[in-house]
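# Descriptive structure summary
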Protein chains: 2
Amino acid sequence: MYSPSIQKLIEVFSKFPTVGPRTAARFVFYLMKRKKEEIDELITAIQNLKRNVKTCSLCFNPFEGTGELCEICQNPARDKSLLCIVEKETDLVALEKTKKYKGLYFILGGTVPLLRKKEKKKLRKKELIERIKKHPEIKEIIIATNPTTEGETTALYLERALKPLNKKITRLGRGLPMGGELEYADEETLRSALEGRK
Amino acid sequence: MYSPSIQKLIEVFSKFPTVGPRTAARFVFYLMKRKKEEIDELITAIQNLKRNVKTCSLCFNPFEGTGELCEICQNPARDKSLLCIVEKETDLVALEKTKKYKGLYFILGGTVPLLRKKEKKKLRKKELIERIKKHPEIKEIIIATNPTTEGETTALYLERALKPLNKKITRLGRGLPMGGELEYADEETLRSALEGRK
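Residues numbered from 1 in each chain as written. Chains lettered and ligands numbered in written order. Predicted model: local features only at pLDDT ≥ 70, side-chain atom pairs only at ≥ 80, totals over all residues.

Take the overall build of chain A next. For chain A, the helix and strand inventory stands at eight helices and six strands. Start at the N end of chain A and walk to the C end: the helices and strands fall as α-α-α-β-β-α-β-α-β-α-β-α-β-α. Dimensions of chain A along its principal axes, counting C-alpha atoms only, are 60 × 50 × 35 Å. Expressed as a percentage of the 198 residues in chain A, the buried residues total 25%. Long-range contacts, defined as pairs at least 24 residues apart, comprise 44% of the intrachain contacts of chain A with a sequence gap of at least 6. (Helix = DSSP H or I, 4+ residues; strand = E, 2+ residues; numbered from the N terminus. Buried ≥ 20, exposed ≤ 12 C-beta atoms within 10 Å, placed from the backbone. Contact = placed C-beta atoms within 7 Å.)

Here is the structure:
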C-alpha cells in the first residue's frame, strides 16, 4: 500500500520498543514533513551515539569520555562496599535521580524471561559473579529488579546464584507509592505495606 | 543525567509523535544495542525516504516514481467525479484498503485546531479550493475527517468554505463499529446509529 521507501522505514521503526506498524507509519510521515536540516540532525545524533558512547567495563553503564570506566565507577566519593543490581540503564538513572544512593551499580541487561530460554544468555550473570569475586570490598548487594513477575523471578534467580559468595543481599522496600490510595492498591502491595510498616 | 550524545538523541526522538522522554530513552538504548549494520540500515532508510519520496501535486499523497502525480491520480480507471478529503496520509491508506472507493483524494494536512491558531495555516485550504475550481468534473466532495472534536470542527469549517463552489458535499456514515457493543458505545455514536438506521 505504501511506496517502497516508506514501507522500508515503517518496517525498521516497527522493531523499536513499544512501536507497532501504525505508530511507525506516523513516524515516517512526521519525518517526511521535516526540513532537510532536521533530518540531518537526526542522522548525526544516531551516528554520534554509536561513535561517542562507550559501555563502562565495570558496571555496563553507557558513558562518554576517556578511559574504560563511567563517571560513577570513576568517582572516588562513591561507596565501594555497596553494589546495586538493576535490570537496565533507565533504572540506574531513576535511582541516581533520588540522590540517595552513593554506591556502585551493575546493569544486568534484562530479566530472566518466563518462557523464552534464549534470552537468559543475554543476562550478564557471569560478568556479575566475576565482578563480585574480584572486588572483596563489596559488602552488600542490593537486587533492584522491578516489582514485576519477570523482575521477581530474576531477583530469586540472582539470590540463588549469589548465595555462595557470602555477601549481604537486600531488596528494595515495598509498599504504597507516594500519592497512591489504599482503595486502589493491589493486595500484594498492601500486604507489603503492612509487613514493611514502621 | 545522560551523557551528551544520549541526551541529544533523546531530545530528537522526543519530538516524534506520541513519543515522550521515557520512550525516547528506550529508543536510544535500543539503538545502542544494535549492530553497526542495523544502524546503517536505519540511516539509509531515512535518507531514501527523503531522496525517493515525492508529494503528488494534485492530492499531496506521497509517492515514488516519475512524473508529478501519484498512482491514484494517474490511474485512468479512477472516478474523477468524486473527491474525498482526508486529514492525513494514513487515512487515505485506510480508505484504500477497503477497496470500495474508486474516486480521487485530497490530503488536507491536518485539522482546524481548537486553540492553536498558527496551525490553521498548515491546512491546504487554498490548494483544495483551487483544485476544485480547476476540475469541474468533480461532482461530489466527501469530507472524511475523523469523528473527533477536531475532525468535526474541520468538517464544519470545510463545509462552510466549500459551499460557494456549489458541489454536492457528503460525510462518512456514522454508527456502531463492527464488533462494537451497544453497552459500551457512547451516546453520540448510539444516536448516530439510530439516525443512520436502514
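Continuing now.
When chain B is fitted onto chain A, the two copies agree to an RMSD of 0.2 Å after a turn of 179 degrees and an axial shift of 0.1 Å. Expressed as a symmetry operation, the mapping of one chain copy onto the other fits a two-fold axis. When C-alpha positions in chain B are compared against the rotation axis, the closest is assigned to B:Ile43, at 3.2 Å. Both copies share a contact surface, since 100% of the interface residues of chain B are interface residues in chain A too. (Least-squares fit on C-alpha atoms with pLDDT ≥ 70 in both.)

Residue and element names in this part refer to chain B. An order of 4-3-5-6 is seen for the four strands of this open sheet, with the pairing classed as parallel. Of all the strands in the sheet, the pair left with one neighbour each is strand 4 (103-107) and strand 6 (168-171). Averaged over all adjacent pairs, the angle separating strand axes in this sheet is 25 degrees, with direction ignored. Where strand 5 (residues 140-143) meets strand 6, four bridges bridge the pair, whose relative direction is parallel. Paired with Ile-141 across the bridge in strand 6 is Ile-169. Across the sheet, helix 7 (residues 149-162) touches strand 3 (79-86), strand 5 and strand 6, and the angle it forms with strand 5 is around 160 degrees. (Pairing = 2+ DSSP bridges. Axes fitted to C-alpha atoms, helices over the stretch in contact; angles between N-to-C directions.)

On to helix 2 (residues 21-32) of chain B, then. An α-helix turns once per 3.6 residues; consequently, residues spaced three or four apart project the same way. Over its twelve residues, helix 2 of chain B extends 16 Å from the first C-alpha to the last, a length consistent with the 16 Å expected when each residue adds 1.5 Å. Restricting attention to buried positions, one finds in helix 2 of chain B the residues B:Ala25, B:Arg26, B:Phe27, B:Val28 and B:Leu31. Among the structural elements, helix 3 (36-52) and helix 5 (89-97) of chain A together with helix 1 (4-14) and helix 3 (36-52) of chain B are those in contact with the buried residues of helix 2 of chain B. (Expected span 1.5 Å × (residues − 1).)

We now examine the domain arrangement of chain A. The domain architecture assigned to chain A consists of domain 1 (4-52) and domain 2 (69-171). Once you take the C-alpha centre of each, domain 1 of chain A and domain 2 of chain A turn out to be 33 Å apart. (Domains from an automatic or database assignment.)

We now examine the environment of A:Thr90. With respect to the helices, strands and loops of the structure, A:Thr90 is situated in helix 5. On the basis of neighbour counts, which here come to 17 C-beta atoms within 10 Å, the residue A:Thr90 falls in the partly exposed class. When the C-alpha positions of A:Thr90 and A:Arg197 are compared, they lie 29 Å apart, and in sequence the two are 107 residues distant. Those residues in contact with A:Thr90, other than ones at most four positions away along the chain, are B:Ala25 and B:Phe29.

Quick look at the interface of chain B and chain A now. On the chain A side, the residues contacting the 41 residues of chain B number 41 residues. At the level of secondary structure, the elements contributing two or more residues to the side of chain B that touches chain A comprise helix 1, helix 2, helix 3, strand 2 (62-63) and helix 5 (89-97) of chain B. The element that contributes the greatest number of residues to the side of chain B that touches chain A is helix 3 of chain B, accounting for ten residues. A breakdown of the residues in the side of chain B that touches chain A according to their chemical character gives 25 nonpolar, seven polar and nine charged. (Nonpolar A, V, L, I, M, F, W, Y, C, P; charged D, E, K, R; others polar.)

The next thing to look at is the nonpolar core. Ranked by internal contacts, the top residues of the largest apolar core, which has 31 residues, are A:Leu9, A:Phe13, A:Val28, A:Leu49, B:Leu9, B:Val28 and B:Leu49. Secondary-structure elements contributing two or more residues to this core are helix 1 (4-14), helix 2 (21-32) and helix 3 of chain A together with helix 1, helix 2 and helix 3 of chain B. Examining the composition of this core, we find that five residues originate from one element, helix 1 of chain A, more than from any other. (Core = buried A, V, L, I, M, F, W, Y, C linked by C-beta atoms within 7 Å.)

What follows is about the pairing of strand 4 of chain B. Residue and element names in this part refer to chain B. The buried count for strand 4 comes to four of five residues, which makes it a mostly enclosed element. Across five bridges, the pairing between strand 3 and strand 4 is parallel. Across the sheet, residue Asp-79 finds its bridge partner in strand 4, namely Gly-103. Taken together, strand 3, helix 5 and strand 4 constitute a β-α-β crossover, and its handedness is right-handed. (Right-handed = clockwise from strand over helix to strand, strands pointing away.)

Here the focus is the environment of B:Leu156. Topologically, B:Leu156 is positioned in helix 7. Taking the C-alpha atoms as reference points, B:Leu156 and B:Val112, separated by 44 residues in sequence, lie 9.7 Å from one another.

Residues and elements named next belong to chain A. Residues other than glycine seldom take positive phi values, yet Thr-18 does so here, at roughly 70 degrees. Its 12 C-beta neighbours within 10 Å are what place Thr-18 among the exposed residues. Despite not being glycine, Lys-99 has its phi angle at roughly 55 degrees, a positive value. Tracing the chain through its elements places Lys-99 in the loop between helix 5 and strand 4 (104-107).

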